[in-house]
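What the coordinates show
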Amino acid sequence: MATTAESGPTPSAGPHEGSPHAAPASAPQPPSHGNTPAPHPSPGKAPVNKLGVAAVVVTVVLWASAFVGIRAVGPSFSPGSLTLGRLAIAAVVLGLVVLPKLRILPKGREWWPILAYGVMWFGGYNVALNAAEHLLDAGTAALLINVNPILVAVMAGLLLKEGFPRWLIIGSLIAFTGVAVIALSSGQRSTADVAGVLLCLLAAVLAAVSVIIQKPVLRKFPAAQATWFGIMVGAVCCLPFSGQLAAELQQAPLPATLGLVYLGIFPTAIAFTTWAYALSLIDAGKLAATTYLVPGTTILISWLVLGEVPTVWGLVGGVICLVGVGLTRRKSR
């Protein structure tokens, strides 16, 4: 699934582990010569910092590992308690970074969007994804969640008046065809898998709506703070699962408990930090495209760690889905 935290005020939003969207800052134009319009310099043409590339790699791998980690600790933790445990750990880790620099708190109506994406994204999204991975393998879950960028684009066209470019429509149709292939292949195996597909799509919708809601918040608050606020809201919403979490922690084997700690620290706190660092060095559009590597990386890690490989039709549907999502990134001439 996975929220995007960064140390600066650069607007950025990420719907799940592996699907953020951010608007790059406009670069100054060089002086024009004669009647020739001044060209816009392309940030992508600048030399890429090697540390920035390393940060991208770390982010993709850690976000992909989250899907595998959720699947691995699933037998020991129920969806709600797993969400609470992960958010609590992430809140502590990110709080160590945010609190020393916290100068402004939201006031009045500024809390409403924070409460909304905190409940839907950090609470509802994670519970739905955790429940889905009780029914689906990690790779299939990652492929389905990666439809989220399309949903964001559609809602941005409707609500933010960004329009519907030709490649957005074409890519969306292709991607949803891929989702249908995955769903049909799951339905041929069991109704439980269909429920898992629906839960993943619910998680994707919750994340996409949250991205739209969060954007105005990021204009006033740094992304790290906006993310931490949302995590705290999500954790509070999941407090009813605290008794369940306490009981399951007592019964969980040590590897499962360590897995829970891993999910809270690495895919959440560290991965969001490395994403923010990379975003400060690399063009945001190109950086966001790297998140489409998450599903394939998830399948590889899942195969190596859990021995899980999606069905052939699941892989075909996933490839179709990723091709469609990739086409939505193209610009109409």
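Worth saying up front: this structure is predicted, and the values here are computed from it rather than measured. (Residues numbered from 1 in each chain as written. Predicted model: local features only at pLDDT ≥ 70, side-chain atom pairs only at ≥ 80, totals over all residues. Heavy atoms only, no water.)

Some words on the overall build of the protein chain
Assigned secondary structure in the protein chain consists of 13 helices and zero strands. Reading the secondary structure of the protein chain in the N-to-C direction produces α-α-α-α-α-α-α-α-α-α-α-α-α. When the 333 residues of the protein chain are sorted by exposure, 51% land in the buried category. Summed over all atoms, the accessible surface of the protein chain reaches about 15,300 Å², with 71% contributed by carbon and sulfur. (Helix = DSSP H or I, 4+ residues; strand = E, 2+ residues; numbered from the N terminus. Buried < 20%, exposed > 50% of the residue type's maximum accessible area, 1.4 Å probe, protein only. Areas by Shrake-Rupley, 256 points an atom, 1.4 Å probe, with all protein chains shown as cover.)

Quick notes on the environment of W313
The topology assignment puts W313 in helix α13 (residues 312-327). Considered as a pair, W313 and G178 are 135 residues apart in the sequence and their alpha carbons are 9.6 Å apart.

Details of helix α4 (residues 138-145)
The buried fraction of α4 amounts to eight of the eight residues, a majority that puts the element mostly inside the structure. Of the residues making up α4, those classed as buried are A138, G139, T140, A141, A142, L143, L144 and I145.

Focus on the packing of helix α2 (residues 79-98) against helix α3 (residues 111-132)
At a minimum axis separation of 8 Å, α2 and α3 run at an interaxial angle of 130°. Our classification of the angle between α2 and α3 gives oblique. At the point where α2 passes α3, the crossing takes the right-handed sense. Listed contacts from α3 to P79, G80, L82, T83, R86 and L87 of α2 are F122, G123, N126, V127, N130 and A131. Its residues assigned to classes, the contact of α2 with α3 comprises six nonpolar, five polar and one charged. (Axes fitted to C-alpha atoms, helices over the stretch in contact; angles between N-to-C directions. Parallel < 35°, antiparallel > 145°, perpendicular 65-115°, else oblique. Left-handed = near helix turned anticlockwise from the far one by under 90°. Contact = heavy atoms within 4.5 Å. Nonpolar A, V, L, I, M, F, W, Y, C, P; charged D, E, K, R; others polar.)

Details of the pattern of salt bridges
Here the structure, examined in full by the defined rule, presents one salt bridge. We note a salt bridge from E110 to K220, for which the minimum N-O separation is 2.4 Å. Linking E110 in the loop between α2 and α3 with K220 in the loop between α7 (191-218) and α8 (223-237), this pair joins segments that are 110 residues apart in sequence. The class for E110 is partly exposed, based on a relative accessible area of 24%. (Salt bridge = Lys/Arg side-chain N within 4 Å of Asp/Glu carboxyl O.)

Quick look at the environment of G95
Along the chain, G95 falls in helix α2. Distance in space between the C-alpha atoms of G95 and F229 is 9.6 Å, their sequence separation being 134 residues. Beyond its immediate stretch of four places on either side in the chain, G95 contacts A90, P100 and W228.

Focus: the confidence of the model for the protein chain
For the protein chain, the mean per-residue pLDDT works out to 75, and 70% of the residues sit at or above 70. Ranking the helices and strands of the protein chain by mean pLDDT puts helix α9 (residues 242-251) first, with 96, and helix α11 (residues 284-289) last, with 48. Segment residues 1-16: pLDDT under 50, and 83 contacts once partners within four positions in sequence are set aside and those in other chains are kept. Note that pLDDT drops below 50 for residues 18-48; the model gives that stretch 48 contacts with residues more than four away or on any other chain. (pLDDT = per-residue confidence, 0-100.)

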